[in-house]
Amino acid sequence: MKVPLKWLAEHVDLTGIGVGELCERLTIAGLEVASVRFYGLPVPAGFRVKVDEPGPVWETDKIVVAKVLSIEKHPNADKLKLVQLDYGKEAPHQVVTGAPNISVGSSGQKVILGLTDCTYFDGHATPKVLKTLKPGVLRGITSDAMVMSEYELGITEEHEGIIILDDDAPVGASAQEYLGDAVLEIDILPNMARCLAISGIALEVAAIFGRPLLKKPLPALPTTSHSEKIAVQIADSSLSGRYMATVVENITVQDSPGWLKQRLKYAGMRPINNIVDITNYVMLDVGQPLHAFDLDVLQQRAGGKSPTITVRPATVGEKMTTLDEQECELTTDNLVIADGAGPLALAGVKGGLNSGITATTKRILLEAASFDPVSVRKTARKFNQFTDASTRFTRGVHSELVPVATASACQLFTELADGTVSGPAVDVYPAPMIARTIDLQETEIARLLGIVIPPAEVERILQALQYSCTRTPGGWQVTAPSNRLDIQSGAADLIEDIARIFGYDRLPSRLLSGELPQQSGNRALDLEASLQDSLARLGLQQVINYSLTNPEVESRFGWMGEAVSLLNPASSERSTMRRTLLAGLMENLEVNLKHCNTVKLFETGTVFYPTTGGGLPAEPKKLAILLTGVRQQSGWNQPENPTDQFGFYDLKGICERLLESLHISGAEYRLAPPCAWLHPARSAELVINNSVVGTFGEIHPKVGLAYKVTDRTVLAGEWDLDLLLQAVPERFAYRPIPLFQAGLRDIAIVVDAQVSHEQMVQQIRTAGGELLTDIHLFDVYTGSSIPEGKKSMAFALRYQSWEKPLTDKEIDKAHRKIEDHVKKQFQATIRGKEG
């Protein structure tokens with residue numbers, strides 16, 4: 001919610017309250033001020049809130065309001081004009097401009113004049129650049145000033161024309177005083193929906209600072225009959241508790257006055273025309289969304305008769321086109337505003353194109369209503385129409401706001417559109433809302449807050465928030481105001497309001513009276529944290545992705561078939577539960593490759609598989625790793641080698657180091673069976689205790705093509721985290737650092753080409769016994785000296801004892817034992833000892 005302070009000041013006296021203090025107190029009261037945007041004003045010293053899009057400060061003596069006296073054609077340029085301006089000084093000032101929204105021969109417009117040395121945004125620079133205005137020569141004529149656009153002043157991105165002010169703009173006044181403002185961006189929590197209105201924020205400010213509200217009397221709606229007897233029907237009062245329809249005749253559709261457009265822009269809305277702008281203005285001011293229908297169109301649809309407005313669920317197969325030209329196929333879950341010819345609007349969401357306001361509209365039917373939040377939310381989600389109206393209705397709009405908003409809008413239609421309000425308004429109110437009355441005890445306040453708040457302060461806060469209070473023994477009987485749908489039957493909601501306004505910062509800190517329970521460890525969580533730490537030490541970065549995805553995303557990664565679907569998804573992009581972590585990592589890869597060349601990621605999290613019988617889904621935890629890029633990053637003494645890319649064995653090495661850090665032994669690596677997302681010849685599966693724990697390798701070229709990653713090798717793997725952590729031993733022994741030097745020997749073994757590294761290491765380790773402490777493959781060779789169908793595998797072996805130094809004789813004996821064993825097991829030969 002964007003809150004311009006000049007607008008807020010029309011509801012509550014802000015005299016003496018600084019912007020910084022206001023932001024701090026609102027935040028403490030539960031209305032977090034996310035940022036502040038200053039239009040033309042300097043940022044206060046020591047300001048601690050984020051400043052949104054800092055713009056130029058409009059110096060009071062250099063950027064002023066001016067009046068156009070005359071406009072002449074530039075003698076040396078067809079598109080330029082010479083403008084004489086009165087800006088409150090003795091002599092007028094001449095500027096050269098090419099603004100398209102003023103023309104030669106016209107006069108009297110009020111504009112913003114920037115004088116020499118003023119600061120503004122350069123309209124010809126991208127990105128935005130602050131510039132200081134200096135005198136110059138434009139086609140032979142000196143110009144030391146300029147008429148300003150909204151872009152140049154930092155108001156909007158519009159720079160096609162200059163700002164045209166209202167006729168009552170005071171000539172010579174500073175733009176800072178006339179247009180300057182500070183706009184608070186406030187994050188409104190769902191239970192604070194009443195604050196999605198300037199009046200709601202004003203009520204909070206009045207209560208916090210003890211200031212009175214500046215109430216403006218609302219006009220009475222006419223009671224004389226209008227020519228059109230509008231009928232309104234509500235099919236289901238649980239879906240719409242109130243609907244008020246008011247006729248306004250003889251309107252003139254035109255641009256809104258400058259003050260109204262300025263307020264809407266500062267509040268984050270785009271001005272359209274005076275009719276639509278008035279409905280948006282009242283919504284922002286009061287919190288009640290409104291909608292205006294073209295009454296003549298409704299009458300034509302009714303065959304020239306008076307229209308009947310019906311609030312009802314849509315029927316299956318009905319269609320309507322919204323104001324933004326989106327065609328919607330409706331179901332019974334969608335509440336609509338309809339007439340005899342069909343739907344006119346999606347109730348609480350958006351109006352229809354067939355009855356919208358146009359430049360020729362002369363009569364309107366103004367709608368103000370209350371709608372069921374769940375119904376509005378379903379419709380908004382189904383058609384992805386998250387409008388300002390739907391935001392308010394889905395959080396709850398009290399039906400008592402309906403006549404307030406209607407009266408405010410009708411007054412503005414009269415003032416700004418020359419309209420005539422015809423009465424009486426049709427008010428169908430089948431489900432009046434009963435005010436909630438709650439018993440509040442002083443002891444309950446003290447119990448929940450841990451502090452005794454004086455009764456007088458409790459009453460002040462409640463009355464400031466427009467509660468009605470009647471003193472009872474030991475407490476109060478409190479009636480909630482009409483704008484509060486969040487107040488339930490208990491006293492906790494009232495006490496929360498008391499604490500917010502009293503100030504959370506004033507509540508004392510106290511220790512718990514009871515003892516903390518005995519702390520106990522959680523082995524699964526501890527091991528998962530240890531695993532994450534190990535991967536981070538190996539140079540990988542952890543990511544946390546959404547558990548919600550959609551079938552299209554996972555199909556790109558090769559996952560097909562049934563997924564766990566949501567009955568009521570928030571959006572089509574988040575309609576199913578993920579079945580793999582790797583699809584999310586691939587999306588991370590797409591984003592990161594736009595900014596860097598090397599990506600090393602991992603994620604631990606839950607995946608979801610449907611189960612037979614329609615029961616709850618299976619929810620195993622997984623570990624996924626993704627790796628691509630160069631092994632060695634560039635440094636001051638070593639350039640990056642783009643050809644030295646990560647490969648399969650880098651990912652296998654990470655897997656081995658991870659198992660080592662978790663003290664998991666006995667792991668095996670086997671050729672992986674066919675897998676949709678893995679390269680068929682560059683993949684493996686990890687086996688621990690005869691259970692397949694996971695699969696990893698180079699991604700399949702088709703997957704790379706789906707993600708437009710075809711110019712690099714991408715390694716990925718996914719492991720069952722539960723199985724992996726179950727393999728971690730409860731206890732493991734540490735061996736002391738050896739006191740005696742190791743003996744090193746090499747062995748080159750010629751075996752069948754099908755023999756795997758895993759098979760060879762297993763047999764060497766079996767034969768080597770306790771003296772063999774390390775095995776390292778350093779060469780695999782096939783060539784002219786090796787028979788066809790064979791390969792040479794060269795290993796570096798380390799022999800070492802923790803009890804004594806080994807002699808060469810003992811090492812040679814252990815080494816011969818290994819040679820004899822592998823020759824027997826694999827019908828192998830030892831290179832260099834063929835004879």
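Each remark here, short or long, concerns the structure printed above.
What comes next is a walk through the structure. (Residues numbered from 1 in each chain as written. Predicted model: local features only at pLDDT ≥ 70, side-chain atom pairs only at ≥ 80, totals over all residues. Heavy atoms only, no water.)

With that out of the way, let us pick up the overall build of the chain. Looking only at helices and strands, the chain has 22 helices and 39 strands in total. Relative to the compact-globule value of 28 Å for 835 residues, the chain shows a C-alpha radius of gyration of 38 Å, a clear excess of over 25%. Each of the three principal axes of the chain carries a C-alpha extent, and together these read 120 × 85 × 65 Å. Burial status across the chain gives 48% buried among its 835 residues. For the chain, the share of sequence-separated contacts (at least 6 apart) that also reach a separation of at least 24 residues comes to 69%. Summing over all exposed atoms, the chain offers an accessible surface of approximately 41,400 Å²; the carbon and sulfur share of this is 51%. (Helix = DSSP H or I, 4+ residues; strand = E, 2+ residues; numbered from the N terminus. Rg over C-alpha atoms; globule rule 2.2 N^0.38 Å. Buried < 20%, exposed > 50% of the residue type's maximum accessible area, 1.4 Å probe, protein only. Contact = heavy atoms within 4.5 Å. Areas by Shrake-Rupley, 256 points an atom, 1.4 Å probe, with all protein chains shown as cover.)

Another aspect to go through is the sheet that holds strand E26 (residues 475-479). Spatially, E24-E26-E25 is the arrangement adopted by the three strands of the open sheet, whose pairing is antiparallel. Since the sheet does not close on itself, it has two edges, and those belong to strand E24 (437-441) and strand E25 (468-472), each with one partner. Each neighbouring strand pair of the sheet contributes to a mean axis angle of 25 degrees, computed without reference to strand direction. Strands E24, E25 and E26 of the sheet are contacted by helix H12 (residues 442-449), whose axis makes an angle of about 70 degrees with E24. (Pairing = 2+ DSSP bridges. Axes fitted to C-alpha atoms, helices over the stretch in contact; angles between N-to-C directions.)

A few words now on the side chain of Thr 246. By the secondary structure assignment, Thr 246 is in strand E14 (residues 242-249). The exposure class assigned to Thr 246 is buried, which follows from its relative accessible area of 2%. Discounting residues that sit within four places of it in the chain, Thr 246 has contacts with Ile 364, Leu 365, Leu 366, Thr 406, Cys 410, Val 421, Ser 422 and Ala 425.

The next thing to look at is unusual backbone geometry. If you check the backbone angles, Asp 117 has positive phi at about 80 degrees while not being a glycine. Relative to the helices and strands, Asp 117 is located in the loop between strand E6 (110-115) and strand E7 (119-121). Relative accessible area serves as the criterion here: at 34%, Asp 117 is assigned to the partly exposed category. One non-glycine residue, Asn 690, adopts positive backbone phi at about 65 degrees. Take Asn 690: it is sitting in the loop between strand E33 (678-688) and strand E34 (691-699).

Quick look at helix H11 (residues 401-416) now. The terminal C-alpha atoms of H11, which comprises 16 residues, lie 22 Å apart, in line with the 22 Å expected from a rise of 1.5 Å per residue. Among the residues of H11, those classed as buried are Leu 401, Val 402, Ala 405, Thr 406, Ala 407, Ser 408, Ala 409, Cys 410, Leu 412, Phe 413 and Leu 416. Considering only its buried residues, H11 is in contact with E14, helix H6 (258-266), helix H7 (274-286), strand E15 (290-294), strand E22 (364-370) and strand E23 (420-428). Phi turns positive, to about 55 degrees, at Asp 418, one or two residues after H11. (Expected span 1.5 Å × (residues − 1).)

Turning our eyes to something else, we now look at the side chain of His 815. The residue His 815 is located in helix H22 (residues 808-826) in this model. A distance of 2.8 Å separates polar atoms of two side chains, one belonging to His 815 and the other to Tyr 799. Apart from residues no more than four positions distant in its own chain, His 815 is found in contact with Arg 745, Asp 746, Ile 747, Leu 797 and Tyr 799. (Polar contact = N/O pair within 3.5 Å; in protein donor to acceptor, adjacent residues only side chain to side chain.)

This part takes up empty space enclosed by the protein. For the structure shown, the criterion picks out two cavities of 30 Å³ or more. Within this model, the largest cavity holds a volume of roughly 60 Å³. Taken together, Lys 2, Ser 35, Val 36, Arg 37, Tyr 39, Asp 52, Val 183, Leu 184, Glu 185 and Tyr 266 make up the lining of the largest cavity. For the lining of the largest cavity, the secondary-structure elements that each account for two or more residues are strand E2 (32-39) and strand E12 (181-187). (1 Å grid on protein atoms, 1.4 Å probe; cavity = no way out; pocket = protein on both sides within 12 Å on 5 of 7 lines; lining within 4 Å. Points joined across faces, edges and corners; volume = space filled by probe spheres on them.)

Spatially, the five strands line up as an open sheet ordered E5-E4-E3-E6-E11, and their pairing is antiparallel. Bordering the open sheet on either side are strand E5 (93-97) and strand E11 (145-147), each of which pairs with just one other strand. On average, each strand axis in the sheet is inclined to that of its neighbour by 45 degrees, with strand direction left out of account.

Before going further, it helps to examine helix H5 (residues 198-209). Taking 1.5 Å per residue as the helical rise, H5 with its twelve residues ought to reach 16 Å, and the 16 Å between its terminal C-alpha atoms agrees with that figure. Counting buried residues along H5, eleven of its twelve residues qualify, which places the element largely inside the surrounding structure. Among all positions of H5, only Ile 198, Gly 200, Ile 201, Ala 202, Leu 203, Glu 204, Val 205, Ala 206, Ala 207, Ile 208 and Phe 209 are buried. Trailing H5 by a residue or two, Gly 210 shows a phi angle of about 65 degrees, which is positive.

This part takes up the packing of aromatic side chains. Under the defined criterion, the tally for this structure stands at 13 aromatic pairs. Ring plane angle 10 degrees and centroid distance 4.0 Å describe the contact between Tyr 39 and Tyr 266, whose orientation is recorded as stacked. Note that Tyr 39 is positioned in strand E2 and Tyr 266 in helix H6, a separation of 227 residues in sequence. Here Tyr 39 matches Tyr 266 in class, with each residue buried. (Phe/Tyr/Trp six-rings, centres within 6.5 Å; stacked < 30°, edge-to-face > 60°.)

Moving on, we come to the nonpolar core. With 122 residues, the main nonpolar core has Leu 8, Val 36, Leu 184, Tyr 243 and Leu 440 as its most contacted residues. Dropping the residues within four chain positions of it, Leu 440 is found in contact with Ile 445, Val 458, Leu 462, Gly 474, Gly 475, Trp 476, Val 478, Ala 491, Leu 494, Ile 495 and Ile 498. Listed in part, the 31 residues of the second largest apolar core include Ile 625, Phe 648, Leu 715 and Leu 725. (Core = buried A, V, L, I, M, F, W, Y, C linked by side-chain atoms within 4.5 Å.)

Let us now look at the environment of Thr 576. Mapped onto the fold, Thr 576 is located in strand E29 (residues 576-577). Along the backbone, Thr 576 and Lys 128 are 448 residues apart, and their C-alpha atoms lie at a distance of 41 Å. Among residues more than four places away in sequence, those in contact with Thr 576 are Ser 547, Leu 548, Thr 549, Asn 550, Pro 551, Ala 563, Val 564, Ser 565 and Leu 566.

We now examine the layout of surface pockets. Each pocket or cavity is described by its volume, and for the second largest pocket that value is around 1,100 Å³. Residue lining of the second largest pocket: 41 residues in total, with His 11, Ser 199, Asp 285, Val 286 and Val 404 positioned closest to the centre. Elements represented by at least two residues in the lining of the second largest pocket include exactly H5, H6, H7, helix H10 (388-395) and H11. Per-element accounting of the lining of the second largest pocket gives the leading share, six residues, to H11. In terms of residue class, the lining of the second largest pocket is built from 18 nonpolar, twelve polar and eleven charged. (Nonpolar A, V, L, I, M, F, W, Y, C, P; charged D, E, K, R; others polar.)

So, on to the pattern of salt bridges. Per the stated rule, a full pass over the model turns up 43 salt bridges. Arg 263 is the partner of Glu 10 in a salt bridge, and the nearest nitrogen-oxygen pair spans 2.4 Å. In this pair, Glu 10 is assigned in the loop between helix H1 (5-8) and helix H2 (19-28) and Arg 263 in helix H6, connecting sequence segments 253 residues apart. For Glu 10, a relative accessible area of 33% gives the class partly exposed. For Arg 263, a relative accessible area of 13% translates into the label buried. Connected through shared salt-bridge partners, Arg 194, Glu 204, Arg 484, Asp 486, Asp 497 and Arg 500 make up one network. (Salt bridge = Lys/Arg side-chain N within 4 Å of Asp/Glu carboxyl O.)

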